[in-house]
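Below, each chain spelled out in residue letters.
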Amino acid sequence: MQEENMQSTVQTSNLGNYEEARKQFSWEEVERHFTWYANGKVNMAHEAIDRHVDEGRGNKTALIYSDASRRETFTFEELKLLSNRFGNVLRQHGIGKGDRVFIFMPRSPELYVALLGILKTGAIAGPLFEAFMETAVKDRLEDSGAVALITTPQLLGRVSREELPELKQIIVVGEVHSGEDLISYDDEMRSASDELEPEWLDREDGLLIHYTSGSTGKPKGVYHVQNAMIQHYYTGKMVLDLREDDIYWCTADPGWVTGTSYGIFAPWLNGVTNVVRGGRFSPQDWYSTIERENVSVWYSAPTAFRMLMGAGEQVHEQFRLDSLRHVLSVGEPLNPEVVRWGWKAYGHRIHDTWWMTETGAQLICNYPEMDIKPGSMGKPLPGIEAAIVDDHGQEVPPNHMGNLAIRTPWPSMMRTIWNNPSKYEEYFRLPGWYVSGDSAYMDEDGYFWFQGRIDDVINSSGERIGPFEVESKLIEHPAVAEAGVIGKPDSTRGEIIKAFIALREGYEATDELKEEIYRFVKEGLSAHAAPREIEFKDKLPKTRSGKIMRRVLKAWELDLPAGDLSTIED
Ligand code: WTA
């Protein structure tokens, strides 16, 4: 039975004939892979880890973790037992199904154990990027109503506990001093049992919440459910092309959706060895990771590829990179130039993939077997219908720009925006379609080409930043009267954040003040949200209702006509 299942799913990865594959495809076929298809007992952590132990792959390496100071490997069996222990720790503190449990820590084996342990209890995991500062952390914990947090002594200072009445437990990985009302990860893991029956769930029960940015309002809690695993598994096999002996490396942090969907779920659902590299980016460090671990499938992002390209051949030529078989990219437009350079530097075409936090998994991709058109995001997966539609939901002809939209539903689609159902509804304003907020066109061969965002969302180094969150922080600074934030094109990072600021009476527009404001955002919100460029203005363009017109700021910046100004204040 098992053998047969593997067989049928392996074949779907052969997309030699794209149209044929689309016709034959059914999600139900993919579902047969899961143990719950037969017994109805659903739990992501079981499918990703425990089942491999049950099926005799317990001794296979699941995780290779390394950073500048350590390198450790864990088998599927070891991860099963460790996450069982952590699940028991959580249960002893009363945590169970549906509770929101957040993780705020740098990449480490403990982060992965904690996340799996959370899922085993049926709780909903909320991973937070380690660079978040106090306001960003508070907003997310508050909105989600998190009851527990796993963090480190170094990051604890950014958690404003007094303002978070619902946050009952804080588990600290690292040294804990007695009397601090904190739970020690090490102490409790030591005494916890490594036997645990996971919480058996329904496919529509919660999996995780990822916060992401829109153009207005605070970050949105994108809520995903267990059912997403169908698409994580399938795209892992078909798009990442994962095979039994692969060593796979996804460079994203689990604080972002790529770091969970493709840094945890896709590889482990496919039973593949997963590499995690902690610490900061450097070309040498990354290439030596590929060389040392014999990475065969590598999933990264355009900004990183552009930086590697910028480092020059003398760098990649020092490393043996011939273990690579398949290289992929996500998160921002992948320049044709970078695809061509990758072909020369690594002997592999970099395969672009398109998707979003909200979509939970890849939707439009360049498959291994497909002819790549450099600069195109590829074609929709079998099982996915994508189209370019106008503002009334009518499909537009090939080569015409419009809204990139996806026919609803698909397995990994978000199920709501936490605490904000009306925001959720906005994505489905055109009947039958999910509206991505990206503009694109489709060519006559069915390839999709990204053109830009329709809203004001900024994409800097592949990270999505909402201008509103940055503006809100900026006006907390005593010198700032008004602030408007836009993305300014940048050859390495895609975009950088630029802030236009009107100062309060009595403040002088100096470089020191720019520096101070930059640090204020960096230390209050996060480094990636801080404006690398600041321009002082006497006044900012506003609508009569007082809304700052970012569109006009952008036009100033790019030296473009400002368009319709009929709603401007004066
Ligand atoms: C952009 C990351 C061009 C796009 C998984 C989308 C891309 C947003 C691509 C989602 C791509 C993602 N080419 N742009 N291949 N992939 N984007 O939620 O604007 O962090 O809407 O998800 O990134 O960013 P998010």
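Residues numbered from 1 in each chain as written. Predicted model: local features only at pLDDT ≥ 70, side-chain atom pairs only at ≥ 80, totals over all residues. Heavy atoms only, no water.

An unreviewed UniProt entry lists the chain under the name acetate--CoA ligase, with Paenibacillus lacisoli as the source organism.

## Observations regarding the pairing of strand β21 (residues 448-453)
Pairing between strand β20 (residues 433-442) and β21: five bridges, direction antiparallel. Residue pairing in the sheet places Tyr-441 in a bridge with Trp-449 of β21. Between β20 and β21, which pair antiparallel in sequence order, lie five residues; one of them, Gly-446, sits at a positive phi of approximately 85°. (Pairing = 2+ DSSP bridges. Helix = DSSP H or I, 4+ residues; strand = E, 2+ residues; numbered from the N terminus.)

## Some remarks on the environment of Val-435
Among the structural elements, Val-435 can be located in strand β20. The sequence separation of Val-435 and Arg-407 amounts to 28 residues, and the corresponding C-alpha distance is 9.1 Å. Those residues in contact with Val-435 that sit more than four places away from it in its chain are Asn-403, Leu-404, Tyr-427, Arg-429 and Leu-430. (Contact = heavy atoms within 4.5 Å.)

## Points about the confidence of the model for the chain
In regions of low pLDDT, the predicted coordinates are not meant to be interpreted in detail. Residue-level pLDDT values for the chain average 93, and 96% of them are 70 or greater. Overall, residues 1-14 carries pLDDT values under 50, and its contacts beyond four positions in sequence, including any with other chains, amount to 17 contacts. Predicted complex, confidence summary: ipTM 1.00, pTM 0.92. (pLDDT = per-residue confidence, 0-100.)

## Here's the deal with the side chain of Ser-213
Relative to the helices and strands, Ser-213 resides in the loop between β8 (206-212) and β9 (220-225). Within the structure, Ser-213 has its side chain in polar contact with the backbone nitrogen of Gly-466 (distance 3.2 Å). Sequence-distant contacts of Ser-213, that is, excluding residues within four places in its chain, are made with Lys-220, Val-457, Arg-464, Ile-465, Gly-466 and Glu-469. (Polar contact = N/O pair within 3.5 Å; in protein donor to acceptor, adjacent residues only side chain to side chain.)

## Some words on the sheet that holds strand β25 (residues 494-503)
Taking strand neighbours across the sheet as the criterion, the three strands line up as β24-β25-β26 in an open arrangement whose pairing is mixed. Only two strands of the sheet have a single partner each, and these edge strands are β24 (480-490) and β26 (533-537). Each strand axis lies, on average, 25° off the axis of its neighbour in the sheet, ignoring direction. Pairing geometry for β25 and β26, over five bridges, is parallel. Bridge assignment links Lys-498 to a residue of β26, and that residue is Glu-533. Packing against the sheet, helix α18 (residues 511-524) makes contact with β24, β25 and β26, and its axis sits at approximately 125° to β26. The sheet contacts of helix α19 (residues 550-558) involve β24, β25 and β26, and relative to β24 the element is tilted by about 55°. (Axes fitted to C-alpha atoms, helices over the stretch in contact; angles between N-to-C directions.)

## Considerations on unusual backbone geometry
Negative phi values dominate among residues other than glycine, just as trans dominates among peptide bonds. Omega for the peptide link from Thr-408 to Pro-409 comes to -15°, which places this bond in the cis form. Along the chain, Pro-409 falls in the loop between β18 (402-407) and β19 (416-417). In this structure, Asn-419 takes a positive phi of about 65° despite not being glycine. Within the element layout of this structure, Asn-419 appears in the loop between β19 and α16 (421-426). You can call Asn-419 exposed: its relative accessible area is 57%. Within the chain, Asp-559 stands out as a residue other than glycine whose phi angle is a positive 60°. Judged by its relative accessible area of 71%, Asp-559 falls in the exposed class. (Buried < 20%, exposed > 50% of the residue type's maximum accessible area, 1.4 Å probe, protein only.)

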